[in-house]
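Fold and contact review
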Amino acid sequence: MDPALLRERELFKKRALNTPAVEKRSVPSESSSSKKKKAKPEKETSSGSKHNTDSNNGSFNLKALSGSSGYKFGVLAKIVNYMKTRHQRGDTHFLTLEEILDETKLLDIGMKQKQWLMSEALANNPKIDVIDGKYGFKPKYNLKDKKALLRLLDKHDQLGLGGILLEDVEEGLPNSAKAIKALGDQVIFVTRPDKKKILFYNDKHCQFTVDEEFQKLWRSIPVDSMDEEKIEDYLKKQGITSMQETGPKKIAPVQKRKKPASQKAKRFKTHNHHLAGVLEDYSDGVPSKQ
């Protein structure tokens, strides 16, 4: 072999050894890296999604308030609302605390909460009645049927007590919508400015026709510019006694008189006790010399 070629070969090897070699690593694709990044937050949010499923379904988790006063009063509110609902359905029989907890699915509460419900919460609640250790709903008006409602409205009308709120009737009368519908024109609805409806007894004996001549005479007298005192004075001059207020009069509370504070004798400080026999009083003038 040609020695010149051998020398060039050796020089090429030396140059190749002296020059550093750099490896080119394969660059990962963007799709694979994005998948890895998305995998982590999915794991983190999986636990949070489990907690949110209950609230999205509309069910309130009372255990989230465990150990606080909010948990206790949440249990009490659920029991009272359930007792009201079953009373409106017509289930008016009383239940024991265990039966209530079973029907409301609150069997996992502790002994302290049960003791609190029995001794304080349910016993002192104005909407719960307790008889022989059993509990029932206590409405404002305990009405059994539509006849009881009609008697109550008639009594209010005769005593001048006015009507009864519809929400109070719905609270105390089971299946109240059917009962009110069955009464028909025997009751009258009046809507207040606050949009609350009131039931009145429709006394048909008070419905009578007035002759047109009397209606014209009544409407011909202008009383817009006169107050009640002027109208009463006019009727007295004509020899007509006006109808006085027949309703129950409100007795004004007696104002207690304040006891006058005992006037203590004013005390003045006296000075110069050691000159009591030396000083003379010249307030009335200079005394004349004798």
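Residues numbered from 1 in each chain as written. Predicted model: local features only at pLDDT ≥ 70, side-chain atom pairs only at ≥ 80, totals over all residues. Heavy atoms only, no water.

**A few points about the overall build of the protein**
Heads up, the condition is: Working definition: helices are DSSP H or I runs of at least four residues, strands are E runs of at least two. Numbering for both runs from the N terminus. Residue exposure (1.4 Å probe, protein chains only): buried if accessible area is under 20% of the type maximum, exposed if over 50%, otherwise partly exposed. In what follows, residue pairs with any heavy atoms lying within 4.5 Å of each other are defined as contacts. Under the convention used here, a 1.4 Å probe and the Shrake-Rupley method define accessible areas, while residue burial counts only the protein chains that appear.
Of the regular secondary structure elements, the protein holds 10 helices and five strands. Looking at the protein residue by residue over its 290 residues, the buried ones come to 18%. Pairs at least 24 apart in sequence give 55% of the contacts found in the protein among residues at least 6 apart. Accessible surface for the protein amounts to roughly 25700 Å². Of this, 54% is attributable to carbon and sulfur atoms.

**What to know about the layout of surface pockets**
Quick reminder of the rule: A cavity here means a set of points on a 1 Å grid, drawn over the protein atoms and nothing else, where a 1.4 Å probe fits but cannot get out; a pocket is an open set with protein on both sides within 12 Å along at least five of seven lines, and a residue lines either one if it has an atom within 4 Å of a point. Grid points are joined across faces, edges and corners, and a volume is the space filled by probe spheres set on the points. Just so you know the grouping, Ala, Val, Leu, Ile, Met, Phe, Trp, Tyr, Cys and Pro go in nonpolar, Asp, Glu, Lys and Arg go in charged, and all remaining residues, Gly too, go in polar.
Size it by volume and the largest pocket reaches roughly 380 Å³. Taken together, F214, L217, W218, I221, P222, V223, M226, I231, Y234 and L235 make up the full set of residues lining the largest pocket. The residue inventory of the lining of the largest pocket, partitioned by class, reads 10 nonpolar, no polar and no charged.

**Some remarks on the packing of helix 6 (residues 146-158) against helix 8 (residues 176-183)**
Test applied: Only C-alpha atoms enter the line fits that serve as axes; for helices the fit covers just the stretch in contact. Angles between N-to-C directions range over 0 to 180 degrees. Each helix crossing is assigned a hand: it is left-handed if the near helix lies turned anticlockwise from the far helix by less than a right angle, otherwise right-handed if that turn is clockwise.
The geometry of helix 6 relative to helix 8 is characterised by a closest axis approach of 9 Å and an angle of 65° between their N-to-C directions. In the packing of helix 6 onto helix 8, the handedness of the crossing is right-handed. For the pair formed by helix 6 and helix 8, the contact residues are K146, L149 and L150 on the first element and A179, I180, A182 and L183 on the second. Residue classes in the contact of helix 6 with helix 8 are distributed as six nonpolar, no polar and one charged.

**Points about the sheet that holds strand 5 (residues 197-201)**
Operational definition: Only strands that DSSP links by at least two bridges are regarded as paired with each other.
One open sheet accounts for three strands, arranged 3-5-4; its pairing is antiparallel. The sheet terminates laterally at strand 3 (164-165) and strand 4 (187-191), the two strands that pair on one side only. Direction of pairing for strand 3 relative to strand 5: antiparallel, over a ladder of two bridges. Residue pairing in the sheet places I164 in a bridge with L199 of strand 5. Seen against the sheet, helix 6 touches strand 3, strand 4 and strand 5 and runs at an angle of roughly 80° to strand 5.

**Considering the nonpolar core**
Inclusion rule: Throughout this description, the term nonpolar core refers to a set of buried Ala, Val, Leu, Ile, Met, Phe, Trp, Tyr and Cys residues connected via side-chain atoms within 4.5 Å.
By size, the foremost hydrophobic cluster in this structure holds 20 residues, and its most contacted members are V75, L76, I79, M83, I109, L117 and L122. Secondary-structure elements contributing two or more residues to this core are helix 3 (69-89), helix 4 (97-103), helix 5 (111-121) and strand 2 (134-137). Among the elements that make up this core, the one with the highest residue count is helix 3 (seven residues). When near neighbours in sequence (up to four residues on either side) are disregarded, L122 contacts L76, I79, L97, L117, I128, V130 and Y135. Core analysis: the second largest hydrophobic core is formed by 15 residues, A148, L149, L166 and L173 among them.

**Examining the pairing of strand 4**
Two elements, strand 4 and strand 5, share five bridges in a ladder whose sense is antiparallel. Pairing of I188 across the sheet is with F200, part of strand 5. Hairpin remark: strand 4 followed by strand 5, antiparallel, with five residues in the connecting loop; positive phi at K195, about 70°.

**Concerning the environment of S176**
With respect to the element layout, S176 can be found in helix 8. Taking the C-alpha atoms as reference points, S176 and R89, 87 residues apart in sequence, are found 9.3 Å from one another. Once residues lying within four places of it in the same chain are set aside, the contact partners of S176 are V169 and E170.

**Thoughts on the pairing of strand 1 (residues 128-131)**
A regular strand places its side chains so that they alternate between the two faces of the sheet. Bridge count for strand 1 against strand 2 is four bridges, and the pairing is antiparallel. Looking at the pairing, D129 lines up with G136 of strand 2.

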